[in-house]
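Spelled out from the first residue to the last, the chains are:
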Amino acid sequence: MHHNDEHIDELLASRGLRLTRQRRQLAGLLFRGGDRHVTAEMLGREAKLSGFRVSLATVYNTLHQFTRAGLLRRINVDPARTWFDTNTTVHHHFFNTRSLELTDIPQERVSVDVLPAPPVGTTIDHVDVVIRVTPR
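What comes next concerns the included structure. (Residues numbered from 1 in each chain as written. Predicted model: local features only at pLDDT ≥ 70, side-chain atom pairs only at ≥ 80, totals over all residues. Heavy atoms only, no water.)

**Re the pairing of strand β5 (residues 102–106)**
As paired strands, strand β4 (residues 91–96) and β5 are joined by five bridges and run antiparallel to one another. The residue bridging F94 from the neighbouring strand is T103, located in β5. Taken together, β4 and the strand that follows it, β5, pair antiparallel across an intervening segment of five residues, in which L100 is found at a positive phi of about 60°. (Pairing = 2+ DSSP bridges. Helix = DSSP H or I, 4+ residues; strand = E, 2+ residues; numbered from the N terminus.)

**Considerations on the sheet that holds strand β2 (residues 73–78)**
Overall, antiparallel pairing links the three strands, which are arranged β1-β3-β2 in an open sheet. In this open sheet, the two strands that pair with only one neighbour each are β1 (37–38) and β2.

**Quick notes on the environment of L29**
With respect to the helices, strands and loops of the structure, L29 is situated in helix α2 (residues 21–31). Given a relative accessible area of 13%, L29 falls into the buried group. Note: C-alpha distance between L29 and G51 (22 residues apart in sequence) is 12 Å. (Buried < 20%, exposed > 50% of the residue type's maximum accessible area, 1.4 Å probe, protein only.)

**Re the pattern of salt bridges**
When the charged atoms of two side chains lie near each other, side chains of opposite charge can form a pair. In this structure the tally under the stated criterion is four salt bridges. Residue R24 pairs with D9 through a salt bridge whose shortest N-O separation is 2.6 Å. One end of the pair, R24, is in helix α2; the other, D9, is in helix α1 (residues 5–14), and 15 residues separate them in sequence. With a closest N to O distance of 2.6 Å, R36 and E46 form a salt bridge. You can see R36 sitting in the loop between α2 and β1 and its partner E46 sitting in helix α3 (residues 40–49), a full 10 residues away along the chain. Judged by relative accessible area, R36 falls into the buried class, the value being 18%. Taking the relative accessible area as the measure of exposure, E46 reaches 23% and is therefore partly exposed. (Salt bridge = Lys/Arg side-chain N within 4 Å of Asp/Glu carboxyl O.)

**Examining α1**
Those residues of α1 that sit buried are I8, D9, L11 and L12. Buried residues of α1 fall within an arc of 160° about the axis and therefore sit on the same side. In this structure, α1 carries E6 and S14 as exposed residues pointing more than 90 degrees from its buried face. Packing partners of the buried residues in α1 comprise α2 and α4 (56–68). Residue G16 follows α1 closely and has a positive phi angle near 80°. (Arc of directions from axis to C-beta. Contact = heavy atoms within 4.5 Å.)

**Describing unusual backbone geometry**
Keep in mind that most residues, glycine aside, have a negative phi and that most peptide bonds are trans. With a phi close to 60°, L100 is a non-glycine residue in the positive phi region. Mapped onto the secondary structure, L100 falls in the loop between β4 and β5. Overall, the relative accessible area of 29% leaves L100 in the partly exposed class.

**Observations concerning the packing of α3 against α4**
Angle between the axes and distance between the axes: these two values describe a pair of packed helices. Interhelical geometry of α3 versus α4 gives an angle of 120° and a closest axis separation of 9 Å. Considered as vectors, α3 and α4 are oriented oblique to each other. Seen from above, α3 lies across α4 with right-handed handedness. Contacts between α3 and α4 pair A40, E41, L43 and G44 from the former with L56, V59, Y60 and L63 from the latter. A breakdown of the residues in the contact of α3 with α4 according to their chemical character gives six nonpolar, one polar and one charged. (Axes fitted to C-alpha atoms, helices over the stretch in contact; angles between N-to-C directions. Parallel < 35°, antiparallel > 145°, perpendicular 65-115°, else oblique. Left-handed = near helix turned anticlockwise from the far one by under 90°. Nonpolar A, V, L, I, M, F, W, Y, C, P; charged D, E, K, R; others polar.)

Structural data, given as C-alpha cells:
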C-alpha cells in the first residue's frame with residue numbers, strides 16, 4: 001500500500017488519530033513503501049536517517065497507537081522484540097533466525113487442521129503461524 005502525504009493524513013484521520021507532526025512523519029515512513037515488517041528500533045533508526053527528531057518512546061507509543069487503530073498488526077516472534085506489520089490482512093510468516101527478517105506467507109499456503117477447544121467463555125479469533133527458518 002503506497003501513500004502520499006494527503007493519503008496519509010486521510011488514513012490517520014479516518015482512524016480517529018490526531019495529525020501530529022511525529023505521527024505523520026512515522027506514518028510516512030511506514031506506509032509510503034508498500035508492506036513492511038518493522039520493530040520500533042528499526043523505525044527509530046530510519047526516522048533519524050531521514051532527519052526526523054523523535055524519541056524511541058514516541059516511536060513505541062505511535063506503533064502501539066497505530067496497532068490499536070487497526071493500521072498495523074503486531075507480530076510476536078521473539079521475546080526480546082516486537083514486530084509490526086503494515087499488512088493487516090490474515091496471513092502468516094517465515095522468521096529468519098539469523099537475519100531477523102520476516103517474510104509473508106499467504107493464508108492459503110498454511111493449513112491448520114486441528115485446533116484445541118478454546119477455554120470456556122472464549123472463542124478463537126485467528127491463528128498466527130510463524131515458521132522459524134535458519135540458513136544452511
